[in-house]
Every structure is written in C-alpha cells, then in structure tokens.
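Analysis of the macromolecular model
This is what each chain is made of:
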Amino acid sequence: MDTTLSYGAAPGPHGILRFPVEGMTCASCVGRVERALRRLPGVDEAEVNLATSVAEVRGPALPAPAELVRAVEAAGYAAATADAELAIGGMTCASCVARVERALRRVPGVLDASVNPATERARVRVLGVADTAALAAAVEGAGYAVRPAAATGGHAAGAQPAPAGGREARHLLIAAVLTAPLVLPMLSMLVGRHWMLPGWIQFALATPVQFWLGARFYRAGFRALRAGTGNMDLLVALGTSAGYGLSVVHLVRATLHGGPADLYFEASAAIVTLILLGRFLEARARRQTTAAIRGLQALKPATARVRRATGDIDVPIDAVRVGDRVVVRPGERVPVDGTVREGRTHADESLITGESLPVARGPGDRVTGGAVNGEGAVVVETTAVGGETALARIIRLVEDAQARKAPIQKTVDRVSAVFVPVVVALALLTLVAWGLATGDWSLAILNAVAVLVIACPCALGLATPTAIMAGTGVAARAGILIKDAQALELAHRVRTVAFDKTGTLTAGEPRLVEAVPLAGGRDALLALAAALQQGSEHPLARAVLRAVEGAPVAPAEDVRAVPGRGLTGTVAGRQVWLGNAALMDEAGADSTALRARADALAAQGHTLSWLAGHDGAAVRLHGLLAFRDEPRPGAGAAIARLHRLGVRTVMVSGDNAGAAAAVAGALGIDAVHAEVRPEQKVEAIRALRRDGVVAMVGDGINDAPALAAADVGIAMASGTDVAMHAAAITLMRPELALVADALAVSRRTTRKIHQNLFWAFGYNVVGIPLAAFGLLDPVLAGAAMAFSSLSVVGNTLLLTRWRPQRATSRQETTHG
C-alpha cells in the first residue's frame, strides 16, 4: 500500500492509494468502478487494472477509505480489505488507548482501529494490503512501542498480557525497601512520638525511587507530551515531582538558613511504590482473565506420531499434512482433527466442547485435535491442520471476541479522551485557589499533588475489556463460543428466543413410532418396507432399517425414487410403492380403511408413509408407517429454565403445523410459526423484534438468514458451517441448556461491566473533590488510585468463577 497519502491535506503533491477490487470480470466492470471513484470529492484520477484487479486513485486530498469502499460497493463490487494486528507497549490508561487509535486511523488506507488495553493489542482494518511499517511508525510517533505480534488463530499466546516478570518484581521490592524507612516513622505519631530520619537521608532514599524506579512515569509522560496529549503516567510524574521538588527546596533552604524543614519525600516515594505495586498486581490479575484461552492453547501437542511406510515417526505438529495417518496412544492428546481409521476408544473433549463425559470413537468417527485419547490406541487420518483445526478456530473466535469493543466502551473512550486534560486543569485550579486563599503555597502544592494522583483513567480503561475477556473465556470453557463483544453485551437484554424445530429442538433423527398393518402382521409390513429402502440414506429409511435390525430382508429390484412422492420397486416379483398419500393415489391404492387413523396420527405431529403392493390385477394397501422426530433430551427443561429467566419462547419452523404444534406443546413453547419458508423466517424474526431483543437458535442452512436477522444469532455446532458463520454465538454441544447458559453469562458479564464502571467513576467522582478541598493526603490518594484499578480487575476475576447451570430453579439474576 502506498503511504504517501495524507487525508485532508491541502492541495499540493498528489496522494496515491492503491487497493484490490473484487468481482470485476470485464472492461465494463472497470469502467463502472472508475466512474464511481471519480465522482468522489478529492479524486482527480482513478484507474483500474483488470488484469491485477487493482484500483489506483490520485488526488490532493482524497476521501477517507470508508468512502472509497462505499463507492466501489455502490458500483456493485467489493473493495478488498485486510486485518493487521499489533502488540502495543507502554499503554497505561484509557487515554493511551484513545491516542493510539487516533494515530492509527490517521494512517492512509486505515478503515478502523481498535485497541484493547487488557490484551495490549491493536486490531486494524485497512483498505488493500496492510502496511505494518506505516502502522508501527504511527504508533511510535504517538509515543508508544510496537512489539512483534503473533498471527491470529492458533498463536494466541502473544495476545495475552505478559506475566509480571522478575524485573518488575525486583523493582517493586527495591522501592518498598527504600520507602519503608520513610513511611514507618509516621506510625510513631500514632503513639505520641515524632521520629523522622534526617533530611538528607530521606533525600538519599527517595531520589532513586523517584528517578530510577519511577523513570517509567517520566518516559511515558514525556512521550505523551511530545504527542500533544496526556496520560496517567503524566499525572503521576507531575504529582510526585511536585512533592519531591517542594521537599528539596525546603531541605536546601533549611540547610542554608537553619531551622526545621517540612519534607514530603515519604509522600512522593510512597506514591511511586504504591503505583508500582498496583501495576504489578494488576498485571497478574489481568493475566488470570485469559486463563481459559491459555488453557485452549495448551491443548495443542508439539509433535505427532505419523505412520510412514518405514514405520511410525515423531514429527513437529506443523509438519503434519492432510491425509497423514497419526497414531495416538492411550492417554495422549489427539494432535490433529481427523477420522478414526483403526481402533476404538473414548475421547475426553471436555476442554473443547465442555462435555464432561468421554465419548465413544471408532472407525469412521471424527475426533478433534486437543481431545484426550482414553483407553485404546487409534490411528487417525488427518482432515485439518494448523489454523483450520477446530481448536485453532475456537481460539481465533475467542481472540476476536476479546479484541473487539463492547458498545458501552465507546462511551468510556469518549470520557477518557478528555480525562487527563481536565484533571490537570483541576490540579492547576486547586493550586492557584489554595495558594491565593491561604498564602501557604506548600499546602497548595500538596493538595494539587493529591488531585493529580487520585485520578485514575487506568480503571476506566480496564473496566470493560477485562470483563469481556473473562466472560468470553468462561463461556468458551463451558462450550459457548461468543464471536463478538456486542453479542455478549446485547444477549443480557434478550426477551424472546426463537427456535428452529428440526435439528435444534428435535434430534433431527426421526424414529418409527407406529406401524399399522391393514392385513398381515407388523413384522411383514416392516420387512417389505425395509426391502425397498435398504441402502437408502433418507432419515425415514434409516428409521425403518433400525426397526428391523437383525431380521432378514429380501432383496429389491428396479428401485427408483418418485420425486416428491416416495419410492417404488420390485420385491419378490411384485411391484411395491412406499410414500405419501399422493403416491398411493397415483398407484391406485385405496387408503380409505386407514384414513381416520392417518388423520389422527398427522394431527399429533407424525410423518406418515403408506405402503402398497401389486396383488394380481389390483394394487392393495398393506399398511401405514408413522414417524416422529423426538425432542432433544433436556429440551423441555431448557425451555422451562428460559421461562424462569423471564424469556418468551417461540418456534419458527418450516415443518407442517401439526408436527410443529406437537413438539411445541410437549416442550411448553409459548408460540408457534409453522410452514415458514427461509425468507419468511426473516420476516418472523423482524416482527418479534418489535417487542424487544430477539435471539434466534438454529442449525441449518435455511436458518442462516434468520440467524443474521436476529439481534443475537445462536447456532448449534452440530449443524452447518453456514449457520455458524451467520450466528454471533455457537454452542459447541447439541444441548439446549447452553442457550440459557449463554444468556446467563451475558447477564453476569454485563453486570460486571456496570459494577466496574461504577467503581472506576466512583473513585474519581468522590476522590478528586476530596483532594481538591484538601481532605485527602497525597499518600492516601496514591493508595486509593492504585486500589481502584485492583478493585476493577479483582471484581472481574469473580466472573471466572461462573459455571454453567443445568435445569435448576435458581435464578441467574441472583448472582453477582
């Protein structure tokens, strides 16, 4: 990407921006795109190369990238975009976040930039190809460092905050040792004694704390000033420097002229030490919010045992290819996604799906990388490796959700952008007001220092992202994958949950529930139906074959499907028909004798198949088969639990009204919309949204439009990839109880966000006025400021104790 462009620049040398355009097939496509781009203000020239599918625009002040994208899309094509990820060093508060985002958005071609202070990562979407050098230069120009970032999707370790290291721990320990002799004598005042170290000893102890151990505040504060803004470090540097400088002036004056000196070295040193302690504990606590994703990362083995012609050999996991056969011994983790080809075992997939019980796996069954092999050795044929494995996709989804901002965070960002300048102004106002009112400028400086130190934009910045990280983490551990923060925040307001029927509320595997012979026995009726259906993969055929499993089945000849009707073929020299009532009418079979029974079964929600055979010169009805797709185990309890949460339930199904009503009645669902086509499902969801926030639960391709139209789409992982891509939340197990769990974790997370913001704003709203009116000592202000961040992160960590509930009468709303 050419980075010579400067948006909004005055007319002068032309800026140039190149980006790929998708969907063009001919010269007329090129013309349409060029005309669309030339119509934009600021674009002097636009050229599109069909061979390379690249558009180039020139102009003195080109429009923003988003306008270019909209112009291309309006012409009927797509402007290619790319995502880049940067690890940012040196951020300390929400003001830092806002500054980095502004710097990144000013880079030519950047569509959007989002910085997460909890993960210390920036996610940037650019038009065309990401120029990481230009992005890094923008971040560094704003006063921050850029560290190498691991690629998203499987190398997420780099996405997590670095653990509190030995260097930080040593600095904290040294600061505490140097500060203790300054602070401990203050305790003697509690017993009526006044004992303090000599002034120059205090100076010797406080100076390394201020300028060596506290150097990070000066460096970060200077970078902020150089970028024309402020941050929390600037507040700390100004406040402690004022207290330290005032003490030095008083000490020198007392040394030269004699007399006592009012020294505040203990205040400046204690503030630095307390903030270092807060940062150290905060880093450790923030790391705990990412424990779930680190646990997922740990599931990936480093090597795999691959079967070759010369024998089994251990190779690095990155060297395994699709089609390789991998040997997995008992107790080992399955290194790849694949299909079992040899052996039988039980696989523990609890850390991937949340399923607590091991599941049986044999030849033909799929296994997921990261699962623990149980008691048997198996040979697995690899079907996915690297970033395409289920484990890598899960990690990528959780990472993406943690990197995105919740809607409420945008409000916090706007407040944080003006926070530091306002605090500095209040501190100056405090200094001037106290100095002019009392004439005691030493007291005025101390009160101004307290204002600077009590302010805590750090807590504001951490309040939302730490809760989002913890919420998505515990949800993933429970088998609930939440793709974005907006869905997590929005799900707590869900008032209606709409369900698809087949494959969602029901198992999607109909079973034979009744066989009604007109003449002869039930076994003969089933044997004739099975003869015609053997080898078929139709769900109703599988149900019949399961019913006669183990019994001999006669061969059938000339079997063919009658579209929309059923099957016909020859069994034992006689032609046989199996299908719906329309097929019976076509075959000439009289179904009057079983019509009443058929109507009763249909009214109860059964699917019917009629069986008739040629008997001499006529076609005679042999009987009737009734099938039903049973509700999933636990579906009724899951619906009842949603009702206890105050959520209305609705079925939106394409099935016939009788079958839909029967399942809805059995499960206690409030309302039914039956015989609904996929495009009509969207309209049904939109109608439901008029009464509040709606979640849609589905599993099939036909559910994808409705999942996308709902406020919160929830897909079953046992369904199609299309449904999962359209949904914001994916349930890794086919258990409807997870729907209520997803709403519960959303409510819990949103409550934590609100509590965190209350603490963060509360500290500032209460603390800053107290400091300005001289009611807060600078040391206490420093302790309160450090504690504010710890309280926010500590409150978030309570969320990691959340566990999914099964059918229970307890209300999630009672949990804090």
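Residues numbered from 1 in each chain as written. Predicted model: local features only at pLDDT ≥ 70, side-chain atom pairs only at ≥ 80, totals over all residues. Heavy atoms only, no water.

**Concerning the pairing of strand S13 (residues 345–348)**
For the record, the criterion: Note on exposure labels: buried denotes an accessible area under 20% of the residue type's maximum, exposed denotes more than 50%, and partly exposed covers the range between, all computed with a 1.4 Å probe on protein chains only. Secondary structure follows DSSP: runs of H or I at least 4 residues long count as helices, runs of E at least 2 residues long count as strands, and numbering of each begins at the N terminus. Strand pairing is defined by DSSP finding a minimum of two bridges between the two strands.
Along S13, the buried face is formed by Thr345 and Ala347; none of His346 and Asp348, which line the opposite face, is buried. Two strands pair when backbone bridges link them, and S13 and strand S14 (residues 359–361) are joined in this way by three bridges, in the antiparallel orientation. In the sheet register, Thr345 faces S14, and the bridge partner there is Arg361. Note: S13 against strand S16 (residues 372–373), two bridges, orientation antiparallel. From the neighbouring strand, Asp348 faces S16, where its bridge partner is Val372.

**As for unusual backbone geometry**
Its identity is not glycine, yet Asp558 carries a phi of approximately 55°, on the positive side. Within the fold, Asp558 resides in strand S21 (residues 556–562). The phi dihedral of Ala572 falls on the positive side, at around 55°, and the residue is not glycine. Structurally, Ala572 can be placed in the loop between strand S22 (566–571) and strand S23 (574–579).

**A word on a nonpolar patch on the surface**
Threshold: Put simply, a patch holds well-exposed residues, over 30% relative accessible area, that have no salt bridge, with like charges counted together within 9 Å and Val, Leu, Ile, Met, Phe, Trp or Tyr side chains within 5 Å. Accessible areas in this description were obtained via Shrake-Rupley with a 1.4 Å probe; residue shielding takes into account the shown protein chains only. Between Lys or Arg on one side and Asp or Glu on the other, a salt bridge is scored when a side-chain nitrogen of the former is within 4 Å of a carboxyl oxygen of the latter.
A cluster of nonpolar side chains, Phe761, Val765, Val766, Leu770, Phe773 and Leu775, forms an exposed patch at the surface whose accessible area comes to about 600 Å². Topologically, Val766 is positioned in helix H27 (residues 737–772).

**A look at the sheet that holds strand S26 (residues 648–652)**
Put simply, the rule reads: Every angle, taken between N-to-C directions, lies between 0 and 180 degrees, and every axis is a line fitted to C-alpha atoms, over only the stretch in contact when it is a helix.
With mixed pairing, seven strands are arranged side by side in an open sheet as S18-S30-S29-S28-S19-S26-S27. Each of the sheet's edge strands pairs with one partner strand only, and the pair in question is strand S18 (480–482) and strand S27 (671–673). The average undirected angle you get between the axes of adjacent strands in this sheet is 20°. Relative to strand S28 (residues 693–698), strand S19 (residues 494–499) is paired through five bridges, and the arrangement is parallel. If you follow Thr496 over to S28, its bridge partner there is Val694.

**Digging into the packing of aromatic side chains**
Remark: the centre distance and the inter-plane angle together describe each pair of aromatic rings, the angle taken between the planes. The cut-off we apply is this: Working definition: rings of Phe, Tyr and Trp (its six-membered ring) pair if their centres are within 6.5 Å, and the pair is stacked with planes under 30 degrees apart, edge-to-face with planes over 60 apart, and tilted otherwise.
Scanning all chains against the criterion turns up five aromatic pairs. With 5.7 Å between their ring centres and 20° between their planes, Phe211 and Tyr218 make a pair best called stacked. Exposure remark for Phe211: the relative accessible area of 43% places this residue in the partly exposed category. Residue classification places Tyr218 among the partly exposed residues on the basis of a relative accessible area of 27%. Aromatic side chains Phe758 and Trp759 sit 6.3 Å apart centroid to centroid with 70° between the ring planes, which places their arrangement in the edge-to-face category. By relative accessible area, Phe758 is classed as exposed at 61%. Given the relative accessible area of 39%, Trp759 is considered partly exposed. In textbook terms, an aromatic cluster arises when at least three aromatic residues are bridged by ring pairs, as seen for Trp200, Phe203, Phe211, Tyr218 and Tyr244.

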